[in-house]
Amino acid sequence: MFSIQKRRRSWSTVAAVASIVTLVSVVHLFLYPVVPSLDYFRQFQNSCISINRSSEGEQIILKNGKSTEGLQKNATGILSTEGSERNLDTNPMPMIDLNDKFPVDLYNAVVYRGAPWKAEVGQWLAGCESNTSAVKVVEQIGGKSCRNDCSGQGICNRELGQCRCFHGFTGEECAERQELSCNYPGSKEQPFGHWVVSICPAYCDTTRAMCFCGEGTKYPNRPVAEACGFTINPPSEPGGAPVTDFTKADLDVFTTNGSKRGWCNVHPAEAYASKVLFKEECDCKYDGLWGRFCEVSVLSTCINQCSSHGLCRGGFCQCDSGWFGADCSVPSVLSSIREWPLWLRPVQVNVPENVNNGGNLVNLDAIVGKKRPLIYVYDLPPDFNSLLLKGRHFKLQCVNRIYDLRNATVWTDQLYGAQMALYESMLASLHRTLNGEEADFFFVPVLDSCIITRADDAPHLSMQEHIHGGLRSSLTLEFYKKAYDHIITQYPYWNRSSGKDHIWFFSWDEGACYAPKEIWNSTMLVHWGNTNSKHNHSTTAYWGDNWDPISSDRRGNHPCFDPDKDLVLPAWKRPDEGSLNAKHWSRPREKRKTFFYFNGNLGPAYENARPEATYSMGIRQKVAEEFGSTPNKEGKLGKQHAEDVVVTPLRAGNYHEELASSVFCGVMPGDGWSGRMEDSILQGCIPVVIQDGIYLPYENFLNYESFAVRIHEDEIPDLLNILRSFNETEIEFKLANVKKIWQRFLYRDSVVLEAERQKAVRGSVEDWGLKFSQLEEDDVFATFIQVLHYKLHNDPWRRQLLLQKKEYGLPKECLI
């Protein structure tokens with residue numbers, strides 16, 4: 001084993017101590033859920049303990065290298081077996097010529113792990129990524145305490161010694177109670193204030209700004225969400241929708257008269273049996289509740305479901321003693337070593353020689369073998385993540401899953417769920433580190449997907465403040481600016497590269513267009529890769545997301561996307577067991593009878609469509625005008641409509657089957673990015689991209705010419721001629737490459753993590769878990785890590801920065 005010594009000592013001394021003392025300390029640390037007292041540390045200073053926990057058993061290695069049992073294969077696969085050790089500093093790989101060994105193909109691509117990468121990327125990954133070995137990393141296990149133990153109203157971050165307060169509490173000790181009102185100040189004309197999602201005529205829980213029936217009713221904890229408690233007026237015109245009057249409360253929701261439309265006193269069984277009336281506008285919208293009348297309490301959605309080390313309080317993890325972090329995945333010195341997560345194993349723990357009894361527990365150094373790149377994930381205050389989850393007024397907002405009355409997983413169709421999926425994978429990844437000095441990248445977890453959907457949730461979040469002028473884009477910019485202010489004042493890592501090694505995720509429809517100027521040096525993860533080379537202004541048809549009005553003093557003058565530093569990630573797509581069983585991605589050419597397919601909103605020329613001419617920047621409208629297969633409002637088809645072409649706003653009964661039956665599928669913007677690229681790839685269809693200057697997922701790293709087609713917007717009238725010019729060999733080649741890379745557009749790691757959590761909680765795994773666990777190719781997260789590894793050694797700025805000497809576990813020719 002390896003260790004970091006505080007002073008030199010002889011092996012004979014170690015052996016003597018190991019035979020008597022170290023075994024005692026090991027057994028104590030390994031079997032008890034807390035670290036020994038400071039007096040215990042003083043008695044046995046500088047003890048060294050190594051833990052290697054495998055799925056087959058546990059192993060304790062003492063300082064002298066003797067183990068309590070034979071070495072078994074460990075959970076991370078980093079160290080060698082049969083009691084021997086791998087010298088992690090040894091680098092036996094010979095020098096190689098990447099250009100010579102990994103030549104490019106006819107499309108200037110190099111294949112690595114099944115994917116056609118751009119030549120220089122594929123060559124480096126094939127020759128370097130594949131030859132990476134583990135390095136020694138010292139992980140510091142925090143021992144700082146928090147004032148008054150956060151008053152029982154928060155979790156102590158033991159790295160910083162700061163409280164992370166529950167919803168409704170604030171202050172250094174979480175002792176100050178917040179009043180988060182449901183309503184704006186009222187007036188004679190608007191007694192409940194002007195409209196906001198949280199508007200409440202009943203009882204307001206001011207810790208969350210959420211509305212409930214309240215005391216005096218039979219079901220006081222039943223939600224009275226938005227329109228539920230207000231008068232509903234009939235439509236103003238025939239065929240129109242009913243109109244909610246938010247100035248008049250509907251007192252019938254409190255009635256006990258079964259012949260009136262009640263809610264707060266309606267017995268579920270009687271309502272299900274149609275024995276009483278109830279108000280249909282009422283719904284069980286809040287997380288943690290299930291059933292038409294919220295009669296069943298179920299699991300809420302938390303980040304990584306608190307990693308089995310805490311209780312999910314409606315989106316906020318209340319961690320067990322000894323654990324902290326947004327998902328309770330970070331152990332402190334109060335935790336049991338045998339419960340440490342896989343990304344901290346195999347581990348050797350060094351007890352420091354000098355123990356300072358200054359009111360804090362002592363920090364511990366844990367030495368772990370890891371492969372780069374290493375990612376440090378900031379534990380931000382919960383305002384940027386957990387509280388946004390806990391206070392949401394609709395359970396499906398900004399998450400990729402919820403739980404039903406059996407506490408079984410229900411996957412959502414929220415495209416924004418990608419942000420949650422990536423965040424959870426990163427927190428559980430073997431590439432995660434607690435050592436900021438060793439980290440290669442720093443991830444700043446601001447859940448802007450929740451800000452998108454929650455901007456009008458409650459007065460304390462509202463974008464109606466004067467500074468934002470009703471713009472969700474401005475409100476979101478402010479969240480990122482506050483996160484930046486926090487990390488530069490609380491952590492030392494930003495200034496060493498001016499933030500170039502930091503990563504931010506913008507899941508908004510127009511990506512990072514409104515990123516504050518202070519963070520633009522960083523890597524932006526987005527779904528919208530607009531370089532602004534053609535569309536150099538806000539392209540959204542929704543005014544609230546428009547970023548043009550944001551002043552350059554706040555935003556700067558940067559584009560939405562810089563392909564030299566940023567990355568477009570796939571959107572979240574609900575795990576579809578049916579498509580998986582049908583193997584849509586591998587359907588052969590002869591079964592794809594539709595030549596070109598697009599199904600989606602086609603703009604104002606069609607019934608029940610988006611009315612704005614600016615929707616999709618007019619691109620979908622132009623395609624429909626030429627090739628539309630469904631009559632528009634004037635009863636006209638597209639000018640070049642063909643029998644084997646489908647361009648329709650009428651969604652098919654089996655959308656995935658239609659895609660899987662097509663050769664080429666249209667990929668065009670919606671109101672910003674859309675999920676059409678993912679739809680196409682996951683069903684094995686060749687994507688036809690029509691959006692000038694706007695990158696798709698991985699497009700600055702993967703070789704798109706190998707599996708996709710790009711059509712310029714001014715070439716739309718020639719679309720079919722261009723596609724029909726491809727011969728069958730070229731089509732088969734592209735279809736084969738789509739088949740190879742489809743899993744890179746799937747958040748499989750997130751799905752498998754959930755399957756593992758469900759197995760731990762429920763003792764079984766549902767069919768979707770088994771199916772996705774059997775997939776073996778690289779998914780979104782694996783691709784993301786590969787891109788980071790390439791960037792670590794090829795970003796030009798790193799060559800100009802005098803980095804501290806680190807071990808990278810790479811051949812010499814792969815290093816900067």
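Use the structure listed above.
These numbers come from a predicted model, not from an experiment.

## Concerning the state of the cysteines
- Counting across every chain of the model gives 15 disulfides.
- For C146, the disulfide goes to C156, at an S-S distance of 2.1 Å. The sign of the 85 degrees torsion about the S-S bond sets the C146-C156 disulfide as right-handed. Highlighted residues: C146 in the loop between strand 5 (135–141) and strand 6 (154–157) and C156 in strand 6, separated in sequence by ten residues.
- Given the relative accessible area of 8%, C156 is considered buried.
- Covalently, C200 is tied to C211 through a disulfide, its sulfur atoms 2.1 Å apart. Disulfide C200-C211: the torsion about the S-S bond is 65 degrees, which places it as right-handed. Separated by eleven residues along the polypeptide, C200 in the loop between strand 9 (176–177) and strand 10 (203–205) and C211 in strand 11 (residues 210–212) bring together distant segments of the chain. The pair formed by C200 and C211 is uniform in burial state, with each residue classed as buried.

## Things to note about the nonpolar core
- Counting residues in hydrophobic clusters, the biggest one holds 107 residues, and the most contacted among them are V446, W504, L569 and F784.
- If sequence neighbours within four positions are ignored, W504 has contacts with V444, V446, Y480, A483, Y484, I487, W494, I519, S522, T523, M524 and L525.

## Points about the packing of aromatic side chains
- Evaluated as defined, the whole model comprises 37 aromatic pairs.
- Centre to centre, the rings of F561 and Y695 are 5.4 Å apart; their planes meet at 40 degrees, and the pair counts as tilted. Of the two residues, F561 is situated in the loop between helix 10 (552–555) and strand 29 (567–568) and Y695 in strand 34 (residues 694–695); the sequence distance between them amounts to 134 residues.
- When the ring of W585 is compared with that of W742, the centres are 4.0 Å apart and the planes differ by 20 degrees; the resulting orientation is stacked. In this pair, W585 sits in the loop between helix 11 (577–582) and strand 30 (594–599) while W742 sits in the loop between helix 16 (728–741) and helix 17 (748–762), placing the two residues 157 residues apart along the sequence.
- With a relative accessible area of 5%, W742 lands in the buried category.
- Three or more aromatic residues joined by ring pairs form one cluster here, namely Y376, Y378, F442, Y491 and Y493.
- A cation over an aromatic ring shows up here: R313 above the ring of F166, its NZ or CZ 4.0 Å from the ring centre.

Definitions and cut-offs
Residues numbered from 1 in each chain as written. Predicted model: local features only at pLDDT ≥ 70, side-chain atom pairs only at ≥ 80, totals over all residues. Heavy atoms only, no water. Disulfide = S-S within 2.5 Å. Helix = DSSP H or I, 4+ residues; strand = E, 2+ residues; numbered from the N terminus. Buried < 20%, exposed > 50% of the residue type's maximum accessible area, 1.4 Å probe, protein only. Core = buried A, V, L, I, M, F, W, Y, C linked by side-chain atoms within 4.5 Å. Contact = heavy atoms within 4.5 Å. Phe/Tyr/Trp six-rings, centres within 6.5 Å; stacked < 30°, edge-to-face > 60°. Lys NZ or Arg CZ within 6 Å of the ring centre and 35° of its normal.

These figures come from the coordinates and say nothing about function on their own.
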